[in-house]
Amino acid sequence: MMASHIVKPDTRNCKRPRELEPQMPDSPQLSSLGKSDSSFLESSGLFYKESLEKDLNGDMSKEINLMLSTYAKILSTMESTHQKKATFGKRERLPCIAPLLTTVEETPQMVSARVRGHFPKWLSGYLLRIGPGKFEFGKDKYNHWFDGMALLHQFRIEKGTVTYRSKFLQSDTYKANSVHDRIVISEFGTLALPDPCKNVFERFMSKFELPAITDNTNVNYVRYKGDYYVSTETNFMNKVDIKTLEKTEKVDWSKFIAVNGATAHPHYDPDGTAYNMGNSYGLHGSCYNIIRVPPENVDLGETIHGAQVICSIASAERMKPSYYHSFGMTRNYIIFIEQPLKMNLWKIVTSRIRGKAFSSGISWEPQYNTRFHVVDKHTGQLLPGMYYSKPFVTFHQINAFEDQGCVVIDLCCQDDGRSLEVYQLQNLRKAGEGLDQILFIYLTERAREHKQGEQQREKEKQALCSIGSLLWGSIPGPWDHDLSQRQMLNQLNHPGTP
Ligand SMILES: [Fe+2]
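Since we're looking at a predicted model, the values are computed, not measured. Residue numbers restart at each chain and count upward from 1, following the sequence in its written direction. With pLDDT at 70 or above as the cut-off, local features in this predicted model cover only qualifying residues; side-chain atom pairs require 80 or more to be listed or tallied, and sums for whole chains, interfaces and linings still use all residues. Only heavy atoms go into the side-chain values, all of them from the structure, while hydrogens and water stay out.

1. Brief notes about the overall build of the protein
Looking only at helices and strands, the protein has 11 helices and 24 strands in total. Scored against the burial criterion, the 498 residues of the protein give a buried share of 45%. The criterion used for residue contact is that any of the two residues' heavy atoms lie within 4.5 Å. Intrachain contacts of the protein at a sequence separation of at least 6 include 62% that bridge at least 24 residues. Here, Shrake-Rupley sampling with a 1.4 Å probe gives the accessible areas, and only protein chains in the shown set may cover a residue. Total accessible area on the protein stands at roughly 26700 Å², and carbon and sulfur atoms take up 55% of it. Helix numbering and strand numbering both begin at the N terminus, where a helix is a DSSP run of H or I of at least 4 residues and a strand a DSSP run of E of at least 2. Summary of the burial criterion: residues with accessible area below 20% of their type's maximum are buried, those above 50% are exposed, and those between are partly exposed, where the area comes from a 1.4 Å probe applied to protein chains only.

2. Examining the coordination of the iron ion
Ideal geometry at a metal gives 109.5 degrees between four tetrahedral donors and either 90 or 180 degrees between six octahedral ones. The protein atoms donating to the iron ion are His 265 (NE2), His 325 (NE2) and His 396 (NE2), with metal-donor distances spanning 2.1 Å. Water is not among the atoms examined, so metal sites may look incomplete; donors are the N, O and S atoms within 2.8 Å of the metal, or within 3.2 Å for Na, K and Ca. Mapped onto the sequence, the donors of the iron ion take the spacing H-x59-H-x70-H. One end of the pair, His 265, is in the loop between β11 (246-252) and β12 (267-268); the other, His 396, is in strand β22 (residues 393-403), with 131 residues separating them in the sequence. The exposure class of His 265 is buried, given its relative accessible area of 17%.

3. A few points about helix α4 (residues 172-180)
For α4, the full list of buried residues reads Thr 173, Tyr 174 and Asn 177. Here the buried residues of α4 occupy an arc of 100° about the axis, which is enough to place them on one side. Residues of α4 that are buried sit in contact with β3 (125-134), β4 (136-137), β6 (149-158) and β7 (161-168). Working note: the arc is built from the helix axis to C-beta atom directions.

4. Observations regarding the pattern of salt bridges
Salt bridge, as used here, is a side-chain nitrogen of Lys or Arg placed within 4 Å of a carboxyl oxygen of Asp or Glu. Tallied over the full model, the rule gives 14 salt bridges. Here Glu 246 ties to Lys 167 by a salt bridge, and the two come within 2.8 Å at their closest N and O atoms. Of this pair, Glu 246 sits in strand β11 while Lys 167 sits in strand β7, and the two are 79 residues apart along the sequence. The exposure class of Lys 167 is buried, given its relative accessible area of 13%. Put simply, Lys 239 and Asp 227 hold a salt bridge, and the shortest N to O gap is 3.5 Å. With a gap of 12 residues between them, Lys 239 in strand β10 (residues 236-241) and Asp 227 in strand β9 (residues 227-231) connect regions that are remote in the sequence. Overall, the relative accessible area of 14% leaves Lys 239 in the buried class. Through salt bridges with shared partners, a single network forms among Asp 172, Asp 215, Lys 247 and Lys 250.

5. Structural notes on the packing of aromatic side chains
Aromatic pairs are defined between Phe, Tyr and Trp rings, using the six-membered ring for Trp, whenever the two ring centres lie within 6.5 Å; interplanar angles under 30 degrees are classed as stacked, those over 60 as edge-to-face, and all others as tilted. Tallied over the full model, the rule gives 16 aromatic pairs. Centroid distance Tyr 288 to Phe 336: 4.5 Å. Interplanar angle 45°. Geometry classified as tilted. Placement of the pair is Tyr 288 in strand β14 (residues 285-293) and Phe 336 in strand β17 (residues 333-338), with a sequence separation of 48 residues. For Tyr 288, a relative accessible area of 0% gives the class buried. Overall, the relative accessible area of 1% leaves Phe 336 in the buried class. Put simply, the rings of Trp 145, Phe 146, Phe 188, Phe 358 and Tyr 423 touch in pairs and so form one group of aromatic residues. Its guanidinium or amino end placed over the ring of Phe 236, Lys 250 lies 4.1 Å from that ring's centre, counting from NZ or CZ. Two conditions define a charge located above a ring, namely a distance within 6 Å from the ring centre to NZ of Lys or CZ of Arg, and an angle within 35 degrees of the ring normal. Above the ring of Tyr 368, the side-chain terminus of Lys 342 is found at 4.9 Å from the ring centroid.

6. A look at the pairing of strand β8 (residues 220-224)
The buried fraction of β8 is high, at 5 of 5 residues. Residues Asn 220, Val 222 and Tyr 224 line one face of β8 and the alternating positions Tyr 221 and Arg 223 line the opposite face, and both faces are buried. With 5 bridges joining them, β8 and β9 adopt antiparallel strand pairing. Within β9, the residue paired with Tyr 221 across the bridge is Val 230. For two strands to be treated as a pair, DSSP must find no fewer than two bridges joining them. Remark: 2 residues form the turn of the hairpin made by β8 and β9, two consecutive strands paired antiparallel; Lys 225 in that turn has positive phi of roughly 55°.

7. Comments concerning the sheet that holds strand β21 (residues 387-389)
Pairing in this open sheet of 4 strands is antiparallel, and the strands run β16-β17-β20-β21 from one edge to the other. Two strands lie at the open edges of the sheet, namely β16 (328-329) and β21, each paired on one side alone. As paired strands, β17 and strand β20 (residues 370-376) are joined by 6 bridges and run antiparallel to one another. Within the sheet, the bridge partner assigned to Ile 335 lies in β20 and is Val 374.

8. Description of unusual backbone geometry
The backbone of Asp 181 sits at a positive phi, close to 55°, despite the residue not being glycine. Relative to the elements of secondary structure, Asp 181 occurs in the loop between α4 and α5 (200-206). Given a relative accessible area of 48%, Asp 181 falls into the partly exposed group. One non-glycine residue, Leu 245, lies in positive phi territory at about 60°. Residue position: Leu 245 is located in the loop between β10 and β11.

9. Considerations on the sheet that holds β14
An order of β12-β13-β14-β15 is seen for the 4 strands of this open sheet, with the pairing classed as antiparallel. Each edge of the open sheet carries a strand with a single partner, namely β12 and β15 (308-314). Both β12 and strand β13 (residues 274-282) contribute to a ladder of 2 bridges, which runs antiparallel. Among the inter-strand pairings, Tyr 268 is bridged to a residue of β13, identified as Ala 274.

10. Structural notes on the side chain of Lys 134
Among the structural elements, Lys 134 can be located in strand β3. Charged residues are defined narrowly, with Lys and Arg counted positive, Asp and Glu counted negative, and His plus the chain ends left uncounted. In this structure, Lys 134 is buried with no salt-bridge partner, the nearest side chain bearing the opposite charge being Glu 136 at 5.0 Å. Identification of polar contacts relies on pairs of N or O atoms within 3.5 Å, with a donor-acceptor requirement for protein atoms, meaning one able to donate a hydrogen and the other able to accept it, and with residues adjacent in sequence counted only if both atoms are side-chain atoms. Here the side chain of Lys 134 touches Glu 136 through a polar contact of 3.3 Å, landing on its backbone oxygen. Not counting the four nearest positions on each side in its chain, Lys 134 is found in contact with Thr 103, Tyr 142, Gly 148, Met 149, Phe 168 and Tyr 174.

Pasting the structure below:
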């Protein structure tokens, strides 16, 4: 949830050098190196031994036996080393993180930060971070980690010294909650209750009013046309002065383009052109839209003027678009992953009447595969063909780049999409056995479901949370290339086969 943005030097859009890439084998064949070598060890080795013994006698045969035995040991060691690297360590007890999930005071006046080690004298600028910092108003408490009020952090680095300050974002949501000393605007996992001062009838009727959309933009600092904003995933962003941490303007995406929101993780071209994605909901169904924002303001006072939707991708299901938190971008392509973490629009629209939070409308539906859409970001054309993988959920796509005619994506993914439930504050604040139990239940349920699933054997090989790399075939180009050469951890199927 916490996100950072360092202002100087400007290193946006830099791609991770290859030497920092995860140590992946060069081909899918190598990904099963341990197994192949093991087979060789157990079968091929014996074959050679028997053949040689027929032709050789005496000392020479013993030497060869010794050599083969030594080779077998080496391979065995390599295999066990390989396995050790692939096995996630079992932690008996996770540290309690409750202190990170409690309300804190803001520090509006700059204070000196204690520095361990030293910063180079030439390093100068702001390290900006944002995240939830207030979790209750009066007697009302938020339920979910994503709900807390946005707290802006600023680390100013100059001539080897660091100062710090923080301020709560003065969003309309924050101000309204503060004035009423209760939660009056719903957040992702918390439904605002009707005003207790209203009579029973008024409270009942208020359930049918259109709910106010939160502008508690607590997810990330983003930059458009040289200006800084803090963003969440609703239609609102707040423009901020990064020197004072004051909000200067509230911006509504839907006033500029036909979207109902946008992610908090845009990507940037070297010239400052920004790309983002946002959903739109209409009579014709739900669409995932790719947004382009020009690099510079034309006139004074502009915000995201000139933003355009360059591509709309229809949701596989009209009333159940997928939830996504980020997307991938290379020099030429946008990669959108339509995952089976579904937003049931009917449930979301009726959540207030049903007395449920927005999050209740999101469900993990692993009966669907994960779909990959690739869009030429220059033309806005959705490339023909479709890639599918087994179901997984991803929040953060780490990196994407083009390599030898292929698109490569690094992402964090999980086999089970119900981790949003784990992020309930009552779960995250547990300690000791309580925290272990939450994760134990999560793990146990997941294991049970995997045993029942059609892809049981594949899924048991996967770690709970893996940082994977997806490789797939040449883009652009015909779709009949041999994908088997580039399939990796997530076992992408051939295009067109769900
Ligand atoms: Fe994020």
